[in-house]
Amino acid sequence: MRYRKNGVNILVFFGLAILLLFFLSPIIWNVLTSFKDRGEYFTYPPVFISSTFSFEYYQHGLAIGGAKGIQDSLIITLSTTAISVILGSLAAYSIARFRIGGDNFAFWILSIRMLPPVASLLPLFLFFRFLRLLDTYEALILTYSIINLPFVVWLMKGFFEELPKELEEAALVDGCSRLGAFTRIALPLVSPGLVATALFCFMFSWNEFIFALILGRSRVVPVTVNIAGMIGGHEILWAEISAVATLASVPIILLAFVLQRFLVRGLTLGAVKG
Amino acid sequence: MSMKGKRERYLPLFFVLPTVIIILIISIFPLIYSFWLSLCEWEIGIGADRVFVGLRNYARLLTDSRFLNSLMNTGRVLFFGVGAQFALGLGVALLLNRSFRGKNLVSTLFLLPMMVSPVVVGCIWRIIYHYRYGPLNYMLNMAGLSSVNWLGSTDMAIYSIILADIWEWTPFMMIVLLAGLQAIPDELYEAARVDGANRWQIFTYMLVPLLRPVMIIVILIRIMDTFKIFDLVFLITFGGPGQASETVSFYNYLTGFRHFSMGYASSMAYFQLAIIVIIANIFLRVWRRREEA
């Protein structure tokens, strides 16, 4: 009678199978819907597997804004990720090595997570309106970088602190500059952590909705806003919505598999080391 | 001091500076500015000027039945949603807390609901909940039950959102609790078994106390995020039917960006922030006490 068993008995197997079905079937249903013909997604009994199974609604979904949405999301997400990872890891290195104001950081991070979106959205909206930057890439890139930065600093600080100081000290003794020690010794050594952090930034910016909804409008329409917009019309184009939603989920699902090892740490802001 | 020495000394400062400036912009400027706004009346929709009204917005909140309704709904999501996520997440974590082939794959598959965008989650559930053509009612009918008006009934709508929220966020509870469980060394299980503890005793006297810090953190994070629940409400019901399924952050959005009452929206955000800060302080106090004990 062991609590942590090796292997799976039949009861646990069925329990996991049923739970997995519950958590996966909505996603599978969405993918199946994306291949359905008109009339197939609104029938009773519901059609499970489309008889036509064409990519027609992918094409149409991309044509009515999906492609533009994915393009906008890519531009915003990649720029944001680059900015926040570069600035954030510089700051994290300083905090980890020279203890600049590092002790209050936990509270900063937590308080930003507490902030209701409207509390920061409203001033930002008025700020960008004043600068005539509403509905531009710059507004969203800047906003997402601001939101991501504390998170990047916090995660990267943890990774730098795990690195033994002696390696950089040896480089300094050998005549390397501090900047050199950072770029040539510390940075390459934390690169797995750096990649994980970058992927988290990517995930956040790619999935974000409310800031994109308010700060974008007609010229800048990230894919989340685009999908939500397709629901508002007279006739809801379910096949198109499902198709674009499926496309928008592909990068994230790939990330989930790459990130596995770092997920817990990233999601709990380092409070629990996975 | 040499030129190089001077540069070296200030380098850490240059590293931190950009981030500090940006963080100041996000946390200090909006906080002060929106607090100031919460004391004003400012209807930018009709082009009115900003008027200082003191605490009147806060007084209005307490008598606004629509706000109180949204607060109740947020409370329902907290109680039923976060509660179920915790129970279910702990269950799945306990099931997964053993070694078997393909475990990593299975855990990652469990995580997909929280990885895909909340907007996608909202769309998916809106199809599933469709009264006549949705797969959920179809399955109920197959089981001999009558269809449920998931989105059209004022009593049901908020619970439909809660069910989607449970689906989306149980994986988060699961993965964090699983990490906590796996940090418990095998020797402790061995020792408990040698002492003759049964499964239930191992769970209540060993696992629960050891997991408590992780449990507190993960529930706190979910509570803070639940106050921000917006995407699912926006996509699944848009607060409807009527105002039946509005949550605080959704009503807050409507006030600020549909009615353009900037002052009132700010006071609502501040009210929300105050509640969150109080809850977080209680949780962190309990957490610290445990750490010290």
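Structural notes, computed from the coordinates.

Each side of the interface is counted separately: chain A has 92 residues, and chain B has 106 residues. Of the roughly 9200 Å² buried between chain A and chain B, counting both surfaces, carbon and sulfur atoms make up 80%. Linking chain A with chain B are 0 salt bridges. Summed over the shared surface of chain A and chain B, the result is 4 residue pairs in polar contact (both at pLDDT 80 or more). With 13 residues, the single largest contributor to the side of chain A that touches chain B is helix α1 (residues 10-33) of chain A.

Our focus in this paragraph is the pattern of salt bridges. Scanning the entire structure with this criterion turns up 9 salt bridges over all chains. For B:Arg193, the salt bridge goes to B:Glu190, with nearest N and O atoms at 2.8 Å. Taken as a pair, B:Arg193 and B:Glu190 lie in helix α9 (residues 186-194) at a separation of 3 residues, close to a single helical turn. Residue B:Arg193 is classed as partly exposed on the basis of its relative accessible area of 32%. Relative accessible area serves as the criterion here: at 32%, B:Glu190 is assigned to the partly exposed category. If you follow the salt bridges from partner to partner, you end up with A:Arg97, A:Glu168 and A:Arg178 in one network.

The next thing to look at is unusual backbone geometry. A positive phi angle, close to 55°, is found at A:Arg132, a residue other than glycine. Along the polypeptide, A:Arg132 turns up in the loop between α4 (117-130) and α5 (137-161). Within the chain, B:Phe260 stands out as a residue other than glycine whose phi angle is a positive 55°. Tracing the chain through its elements places B:Phe260 in the loop between α12 (248-257) and α13 (262-292).

What counts, and where the lines are drawn
- Residues numbered from 1 in each chain as written.
- Chains lettered and ligands numbered in written order.
- Predicted model: local features only at pLDDT ≥ 70, side-chain atom pairs only at ≥ 80, totals over all residues.
- Heavy atoms only, no water.
- Contact = heavy atoms within 4.5 Å.
- Buried area = accessible area lost by both parts, 1.4 Å probe.
- Salt bridge = Lys/Arg side-chain N within 4 Å of Asp/Glu carboxyl O.
- Polar contact = N/O pair within 3.5 Å; in protein donor to acceptor, adjacent residues only side chain to side chain.
- Helix = DSSP H or I, 4+ residues; strand = E, 2+ residues; numbered from the N terminus.
- Buried < 20%, exposed > 50% of the residue type's maximum accessible area, 1.4 Å probe, protein only.

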